[in-house]
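One letter stands for each residue in the lines below.
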Amino acid sequence: MTWQGASDSHPSVRIASLAPSMQPTERRVALWIAQDRQAAVECSAQDIADQVGVGRTTVIRATRTLGYDGFPQLRVALAQELALETVADDAEPSDQTRLGKLRQSVAQFSGRLGDSVAALTAEGVDAFVEALDTADRVLVVANGLSGPLALDLVLRLNAAGRPAEYFSDGMAQMIAAHQLGKGSTCIVLSGSGANRATLDVMEAVRAGGAHQIVITSFAKSAAHDLADTTLVVPPVNGGFHDELMHTSRAALMLVTELLVQAFVEHRGERGRQARLAALSVLAGSLQEPRGE
């Protein structure tokens, strides 16, 4: 699999998303570049081949897998990315208090949020919206730290007039999966795309013929292989190791919120009326603070 996302996506985003699916020797090249981007800018393809212990053709293949015509284009993209980061670093305060560090982390995180949609394709977003609009039944599946995202997505879909289901219990997920068939849609949320419990449910869904949409952080994974449609939201903190260690779901949550908004807009007046009904319920549940 080669890069299918936005052409101006940063090299580190492409590497984080694609590295797990690359051939072993190509992955070694990509990870070496990611670990020392500054050095990679100063290297030729042969220099990197010598550093990694592979042939020059492997470096060229890795470059093309990442979506670049050649290694010179990758070097330029790396230099541009590093330059943008230098500007951002210079603008950050030097406050080393806990609050200062928290603010710096938020600034760094927000600076990369644009990368969250870099791997999305028009075809994938359209498939998500169309599947939701036409499905007889919608089941949302997630486990582990992706579970709260699934609950949030279901609540937003129901508020948008699209009934959807989510079960936190693994057995209940499996029972629901076996009851899906053609005409139904299963939306799977999995940062790693490798959660065993989630994959078992996906196998059951696939056997029944329901349409499966996976929202994940990596362009190639076991979940991707079982899906009909994959929406990739690259990890903003780095690669697969960071996904396992830090498991940030902020980018995934942001994108799912925007996908629901796209669905509401697609439904036009139906979507607007559903939102108004939800707001009416919310307004009725609010209470003015009591006076002293």
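Scroll up to find the structure.
Residues numbered from 1 in each chain as written. Predicted model: local features only at pLDDT ≥ 70, side-chain atom pairs only at ≥ 80, totals over all residues. Heavy atoms only, no water.

Trainee: Explain the overall build of the chain to me, using residue names and the numbers behind them.
Mentor: Looking only at helices and strands, the chain has 15 helices and 5 strands in total. Referenced to the eigenvectors of the C-alpha coordinate spread, the extents of the chain come out at roughly 65 × 60 × 35 Å. A buried classification covers 45% of the 292 residues belonging to the chain. Here the contacts in the chain between residues at least 6 apart in sequence split such that 70% fall between residues at least 24 apart. Looking at the chain as shown, the accessible area adds up to about 14,900 Å², and 54% of this sits on carbon and sulfur atoms. Here the chain contributes 25 positive and 33 negative side-chain charges, whose respective centroids are spaced 3 Å apart. (Helix = DSSP H or I, 4+ residues; strand = E, 2+ residues; numbered from the N terminus. Buried < 20%, exposed > 50% of the residue type's maximum accessible area, 1.4 Å probe, protein only. Contact = heavy atoms within 4.5 Å. Areas by Shrake-Rupley, 256 points an atom, 1.4 Å probe, with all protein chains shown as cover. Lys, Arg positive; Asp, Glu negative; His and termini not counted. Charge placed at Lys NZ, Arg CZ, Asp CG, Glu CD.)

Trainee: I'd like a rundown of the pattern of salt bridges, residues and numbers included.
Mentor: Counting across every chain of the model gives 10 salt bridges. Residue Glu-81 is joined to Arg-37 by a salt bridge in which the shortest nitrogen-to-oxygen separation is 3.5 Å. Placement of Glu-81 in helix α6 (residues 71–91) and of Arg-37 in helix α3 (residues 37–41) is noted, with a sequence separation of 44 residues between them. With its nearest N and O atoms 2.8 Å apart, the salt bridge here joins Lys-220 to Asp-225. Residue classification places Lys-220 among the partly exposed residues on the basis of a relative accessible area of 33%. Residue classification places Asp-225 among the partly exposed positions, given a relative accessible area of 41%. A cluster of three or more residues bridged by salt bridges with shared partners is formed by Asp-133, Arg-267 and Arg-270. (Salt bridge = Lys/Arg side-chain N within 4 Å of Asp/Glu carboxyl O.)

Trainee: How would you sum up the nonpolar core? Please name residues and give values.
Mentor: Judged by nonpolar contacts, the single largest core of 32 residues is most densely connected at Val-29, Trp-32, Ile-33, Ile-48, Val-59 and Phe-71. Contributing elements (two or more residues each) for this core: α1 (11–18), α2 (24–35), α3, α4 (45–52), α5 (56–65) and α6. The element best represented in this core is α6, accounting for 5 residues. Once residues lying within four places of it in the same chain are set aside, the contact partners of Val-29 are Ile-48, Val-52, Val-54, Thr-58, Val-59 and Ala-62. (Core = buried A, V, L, I, M, F, W, Y, C linked by side-chain atoms within 4.5 Å.)

Trainee: Pulling in residues and values, what's your account of the packing of aromatic side chains?
Mentor: As enumerated under the stated definition, the model contains 0 aromatic pairs in all. The positively charged end of Arg-14 is found above the aromatic ring belonging to Tyr-68, 4.3 Å away from the centroid. (Phe/Tyr/Trp six-rings, centres within 6.5 Å; stacked < 30°, edge-to-face > 60°. Lys NZ or Arg CZ within 6 Å of the ring centre and 35° of its normal.)

Trainee: Which residues make up the packing of α4 against α5, and what values go with them?
Mentor: At a closest axis distance of 8 Å, the pairing of α4 and α5 adopts a crossing angle of 110°. Between α4 and α5, the crossing angle belongs to the class labelled roughly perpendicular. Residues Ala-45, Gln-46, Ile-48 and Ala-49 of α4 form the contact with α5, whose own contacting residues are Arg-56, Val-59 and Ile-60. Taken together, the residues of the contact of α4 with α5 break down into 5 nonpolar, 1 polar and 1 charged. (Axes fitted to C-alpha atoms, helices over the stretch in contact; angles between N-to-C directions. Parallel < 35°, antiparallel > 145°, perpendicular 65-115°, else oblique. Nonpolar A, V, L, I, M, F, W, Y, C, P; charged D, E, K, R; others polar.)

Trainee: Kindly report on the environment of Leu-78, identifying the contributing residues and their values.
Mentor: Along the chain, the position of Leu-78 falls in helix α6. Leu-78 sits 66 residues away from Ser-12 along the chain, and the two C-alpha atoms are 8.2 Å apart. When near neighbours in sequence (up to four residues on either side) are disregarded, Leu-78 contacts Pro-11, Ile-33, Arg-37, Ala-40 and Val-41.

Trainee: Give a description of α2 that names residues and reports values.
Mentor: Between its first and last C-alpha, α2 extends 16 Å over 12 residues, near the 16 Å set by a 1.5 Å rise per residue. Restricting attention to buried positions, one finds in α2 the residues Glu-26, Val-29, Ala-30, Trp-32 and Ile-33. In a view along the axis of α2, the buried residues occupy a sector of 160°, so they form one face of it. (Expected span 1.5 Å × (residues − 1). Arc of directions from axis to C-beta.)

Trainee: Residue-level account of the side chain of Glu-26, with values.
Mentor: By secondary structure assignment, the location of Glu-26 is in helix α2. Here the side chain of Glu-26 touches Arg-61 through a polar contact of 3.4 Å, side chain to side chain. Those residues in contact with Glu-26 that lie beyond four places of it in its chain are Thr-58, Arg-61, Ala-62 and Thr-65. (Polar contact = N/O pair within 3.5 Å; in protein donor to acceptor, adjacent residues only side chain to side chain.)

Trainee: A description of the sheet that holds strand β5 (residues 229–232) should follow, citing residues and the corresponding values.
Mentor: In spatial order, the strands read β2-β1-β3-β4-β5; together these 5 strands make up an open sheet with parallel pairing. Whereas interior strands pair on both sides, the edge strands pair on one side only; in this sheet they are β2 (165–166) and β5. For strand β1 (residues 137–141) and strand β3 (residues 184–190), the ladder comprises 5 bridges, and the chain directions are parallel. Residue pairing across strands places Val-140 opposite Ile-187, the latter belonging to β3. Docked against the sheet, helix α14 (residues 250–267) engages β3, β4 (211–216) and β5, running at close to 135° with respect to β4. (Pairing = 2+ DSSP bridges.)

Trainee: I'd like a description of a nonpolar patch on the surface, backed by residues and values.
Mentor: On the surface, Leu-99, Leu-102 and Val-106 cluster together to form a nonpolar patch covering roughly 280 Å² of accessible area. When you line up the elements, Val-106 lands in helix α7 (residues 98–111). (Patch = residues over 30% accessible without salt bridge, like charges linked within 9 Å, V, L, I, M, F, W, Y side chains within 5 Å.)

Trainee: Let's hear about the side chain of Thr-58: which residues, and what values?
Mentor: Of note, Thr-58 is situated in helix α5. A polar contact of 3.3 Å, which involves the side chain of Thr-58, links it to the side chain of Arg-61. In this structure Thr-58 touches Thr-25, Glu-26 and Val-29, once residues within four positions along its chain are discounted.

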